[in-house]
Amino acid sequence: MRKNRSAALAAASFLLLTGAGIATAPAAFAGTPGGTHADDRNSDFNGDGYEDVLVGAPGATVSGHKGAGLVTVQYGSTRGIGTTDVGRFSQSTSGVAGAAEAGDGFGKAVATGDLDGDGFDDAIVGIPGEDLDGRADAGGVAILWGSKAGLTGSASDWLQSQEPTAGEQFGASLAAAHLTGDTPGDVLAVLDRDGLELFVYDASPQPGQAPLRRQDTQRLAAAAEERAIRPKSLTTGDYDDNGYADLVVSGVTVGEEEPGHGWSLHFSGRAEGLTYEGELRGGPAAASGDINNDGYDDLVTGEPASPDDGGETMTGGLVGVRYGTAEGLGEEAKWWTQGSTGVPGNPERGDGWGADLSVADTNGDGYADVAIGAPGEDIGTVADAGAVWVLRGSENGMTATGATSWDQDSADIPGVPEKGDKWGAQVRLSDPNNDGRFGLLAAAPGENAGDGVVWVLSAGTGGVTATGSWTYGGSSLGAPGTGAAFGAAIDE
């Protein structure tokens, strides 16, 4: 239930956010409608109405620098995505800020959103391994602006912490959504090792200043009143259907008491700014969508390695679902494991079930379904080969009825399970041909000794199907493939 506490005053038991609402954008900037709605998936870089797919390959060798990293974009069309209409970007791309250096990890985190409100979504690329002024792994973020021609490195923008520190890993997780009514564009949220910063677009920046202006907030930081949490990921969804996206910061507990449990912090979006709503059990993975088709987005959290009360790692992994209401997210979660009735497979220690999540409608029935990755799943005697599940949405919420799962030993799935492939480390439900049915992208960044590969499973009236599935890697898109960890990040 909503607690009506101002973000300027809210002291969460593990994170703190202060500051009034986001400052009003200049009147001279009237953003184009579209791309800033709370329910927009924010992945159409060229504005043609088809979703595009942004994939990170943070291990890629660029300009001779191992682990410098890169991202690829595949543009959607009536035929979906392929390997020809693509773009490749790195810090060796003309116009992209910085320079490719060993270990930068460009593309270790990715997100999209229409930051300037021009109707073209923009790509946000996390570079948590970037060294700044001798500070190792201080981190940075590159913004690639969308246009009618798609993404371009030209006039890209750069963000970093106000006071970079070694090991900070600024840009470790990213999200963008229409969080408030005070800016026509999406608000950008950037996570690092310790907390979060927010940025808004300023169409008339001061001379020498970037157009993305840091919001007047205090960084999210451990307050440790009840429990201390290390934030790991971000998700957005309109849980109360008020037209503004809400923000959930997910992480794991740290410290001597009950370490390693998943917890999240919930902020609701409103016209006047973000408002703190409370902390929630569940995390560090999270995704959002309307599973029961009631008009309110729902929050799904994944806890792939939560310890039990004795401090031992629990069996398999845990997925929780909280349903949205007119008052925001419900207080109680419905918890699922591989041991839940109707869920294929058996829970085993180290499966990592819930390591990554995606929520969208796979069969066009109006109910969003949930894709669940388990990169630690053993296939037979093959350790950590990985597997993926899809559980259906329904009027009553997520259900095991009709649940399906796949691995590289499944019929019609290319390849064979190998140790350490980690198939399902990233999952994304995507509709690049705009037919209303979201197919599945399942990544195995450990495939081929760390090259990384993405599998494409189409969707029909029955939902996701392995029939006709195919694969591609960085080299398929004209990018360096060896050791690239292609698919280590896919925009949700």
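Notes on the structure in this doc start here. In this text the structure is predicted, and so the values were computed from the model without any measurement. (Residues numbered from 1 in each chain as written. Predicted model: local features only at pLDDT ≥ 70, side-chain atom pairs only at ≥ 80, totals over all residues. Heavy atoms only, no water.)

## Some details on the overall build of the protein
Let me state the cut-off plainly: By the criteria applied, helices consist of DSSP H or I runs no shorter than four residues and strands consist of E runs no shorter than two, each listed in order from the N terminus. Each residue gets one of three labels from its accessible area relative to the maximum for its type: buried under 20%, exposed over 50%, partly exposed in between, using a 1.4 Å probe on protein chains only. Note on contacts: a residue pair qualifies if any of its non-hydrogen atoms lie within 4.5 Å across the two residues. All accessible-area figures derive from a Shrake-Rupley calculation using a 1.4 Å probe, and residue coverage is judged against the displayed protein chains alone.
Looking only at helices and strands, one finds one helix and 33 strands in the protein. For the protein, the residues scored as buried account for 59% of the 492 residues in total. Residue pairs at least 24 apart in sequence account for 58% of intrachain contacts in the protein once pairs closer than 6 positions are excluded. Surface exposure of the protein reaches about 18000 Å², of which carbon and sulfur atoms provide 46%.

## Focus on the sheet that holds strand 22 (residues 334–336)
Heads up, the rule is: Think of it this way: DSSP has to see at least two bridges between two strands before they count as a pair. The convention used is that axes are lines fitted to C-alpha atoms, helices contributing only their stretch in contact, and that angles between N-to-C directions extend from 0 to 180 degrees.
Strand order in the open sheet made by the four strands is 17-18-19-22, with antiparallel pairing throughout. The open sheet has two edge strands with one neighbour each: strand 17 (285–289) and strand 22. Taken pair by pair, the neighbouring strands of this sheet meet at an average axis angle of 20°, ignoring direction. Note: strand 19 (residues 318–322) against strand 22, three bridges, orientation antiparallel. Counted as the bridge partner of Val321 is Lys334 from strand 22.

## Points about empty space enclosed by the protein
Filter applied, for reference: Cavity: a set of points on a 1 Å grid over the protein atoms alone where a 1.4 Å probe fits but cannot get out. Pocket: an open set with protein on both sides within 12 Å along at least five of seven lines, its lining residues, like those of a cavity, having an atom within 4 Å of a point. Grid points are joined across faces, edges and corners, and a volume is the space filled by probe spheres set on the points. Each residue gets one of three labels, nonpolar for Ala, Val, Leu, Ile, Met, Phe, Trp, Tyr, Cys and Pro, charged for Asp, Glu, Lys and Arg, and polar for the others, Gly among them.
Inspection of the entire model under this criterion finds one cavity of 30 Å³ or more. Reported here for the largest cavity is a volume of approximately 30 Å³. Those elements that provide at least two residues to the lining of the largest cavity are strand 25 (387–392), strand 26 (399–406) and strand 31 (463–464). Of the residues belonging to the lining of the largest cavity, the class tally is three nonpolar, three polar and one charged.

## Points about the pattern of salt bridges
Our working definition: Only one rule defines a salt bridge in this text: a Lys or Arg side-chain nitrogen within 4 Å of an Asp or Glu carboxyl oxygen.
Taken as a whole and judged by the stated rule, the model has seven salt bridges. Ionic pairing is found between Glu303 and Arg281, a salt bridge with its closest N-O pair at 2.7 Å. Of the two residues, Glu303 sits in strand 18 (residues 298–303) while Arg281 sits in strand 16 (residues 275–281), which places them 22 residues apart along the sequence. Given a relative accessible area of 1%, Glu303 falls into the buried group.

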